Amino acid sequence: MNILILGCTRVGAELARTLCDKGHDVSIMDRRKDALDNLEESFTGLTFKGVPIDNDDLQTAGIEACDVVCAVTDDDNVNIMVAQIAKEVYKVPKVLAAIEDVEKEDMYQRYGLNSICPTRLTLDAILSAIDEYEGQSWLQFGNHRVKFYSIPIPKELIGTKCVEIDYEENEILYAIIRDGGNFVLVNNSNILLKEGDTLIFSKLVD
C-alpha cells in the first residue's frame, strides 16, 4: 500500500519504520526538518518538509495516490483538519487521526471518522491489566514489578504542582483523571493539580 504519514513525532517515526519493514511504500511529512532528521538511517521511504494542512505540500507528498493517510502530529486540531482534507478533498480510502483529547475523540467518532486516542488506549490498557491482576498489588513489566494505585486528590495538594508532591522512593505520579473524566498523562512536572482530580501513582516494587 501507498501510505502517507503526517507528523514525524515519536509515534510517526516508529510507524514509518514499521510500515517500511512490512513492505509498504511509505512517505512521511513534517513541518520541521529536524524532526525528519530523527528517522532511523535504515528508513527507505520518502521524506518531505511541509505543512500538513497545505494542499500544495500534501500534493507534493503524493496524497492523491495514497491508499492510507495517518495524521499523527502533536496537535489534535491539525490531525482533525488533515483527516478531513484527506477524506473529503482527496478521497483517500483509509484515513486515521491520532487525537489525545478524549472529548475531541468522542466528537470525532460521532461524525463517523476513524481516530485513535493514545490517552484512551493507555487508560484502557492500565485498567485491563489491573482487572486481570485483581487481588494482586502489582503488575509485571519485563523484569520489574510496578504497582499502580489511585487516590482522590488530598485537600493539601489542591492548587500545587506535581513536582511539589512528597513522593516515596521509586514513586511517580503517572496520570490524572480530571473532574469530568478527562485522562491526563503526567509528562510535565509543572502540571497544576485541581479540585476533583483523581491521582494515579506508579511505584517500582522491585
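This text goes with the structure placed above it.
Residues numbered from 1 in each chain as written. Predicted model: local features only at pLDDT ≥ 70, side-chain atom pairs only at ≥ 80, totals over all residues. Heavy atoms only, no water.

## Quick notes on the packing of aromatic side chains
Heads up, the condition is: Note on aromatic contacts: the rings of Phe and Tyr and the six-membered ring of Trp form a pair at centre separations within 6.5 Å, being stacked when their planes are under 30 degrees apart, edge-to-face when over 60 apart, and tilted otherwise. Strands here mean DSSP runs of E at least two residues long; helices mean DSSP runs of H or I at least four residues long; both are numbered from the N terminus. Under the scheme applied here, a residue whose accessible area is under 20% of the maximum for its type counts as buried, over 50% as exposed, and between as partly exposed, the area being computed with a 1.4 Å probe on protein chains only.
In this structure the tally under the stated criterion is two aromatic pairs. Where tyrosine 167 meets phenylalanine 201, the ring centres are 6.3 Å apart and the plane angle is 70 degrees; that geometry is what we call edge-to-face. Of this pair, tyrosine 167 sits in the loop between strand S8 (144-152) and strand S9 (171-177) while phenylalanine 201 sits in strand S11 (residues 198-204); the two residues are 34 residues apart in sequence, bridging distant segments of the chain. The class for tyrosine 167 is partly exposed, based on a relative accessible area of 28%.

## Some points on helix H1 (residues 10-21)
We apply this condition: In this scheme, a helix's expected span is set at 1.5 Å multiplied by one less than its residue total. Each direction from the helix axis to a C-beta atom contributes to the arc, which is the arc of those directions. Should any heavy atoms of two residues lie within 4.5 Å, those residues are considered in contact.
In this model H1 runs 17 Å from its N-terminal to its C-terminal C-alpha over twelve residues, within 8% of the 16 Å that 1.5 Å per residue would give. Buried within H1 we find Gly12, Ala13, Ala16, Leu19 and Cys20. Buried residues of H1, viewed axially, fall in a sector of 135 degrees; they line one side. Exposed and facing more than 90 degrees away from the buried side of H1 are Arg10, Val11 and Asp21. The inward-facing, buried residues of H1 contact strand S1 (2-6) and strand S2 (25-30).

## Considerations on the environment of isoleucine 3
Position of isoleucine 3 relative to the elements: it lies in strand S1. By relative accessible area, isoleucine 3 is classed as buried at 3%. For isoleucine 3 and glycine 45, which are 42 residues apart along the polypeptide, the C-alpha to C-alpha distance reads 9.8 Å. Non-local contacts of isoleucine 3, meaning those with residues more than four positions away in its chain, are made with Leu19, His24, Asp25, Val26, Ser27, Cys66, Val68 and Cys70.

Functional significance is not addressed by these values, which are geometric in nature.
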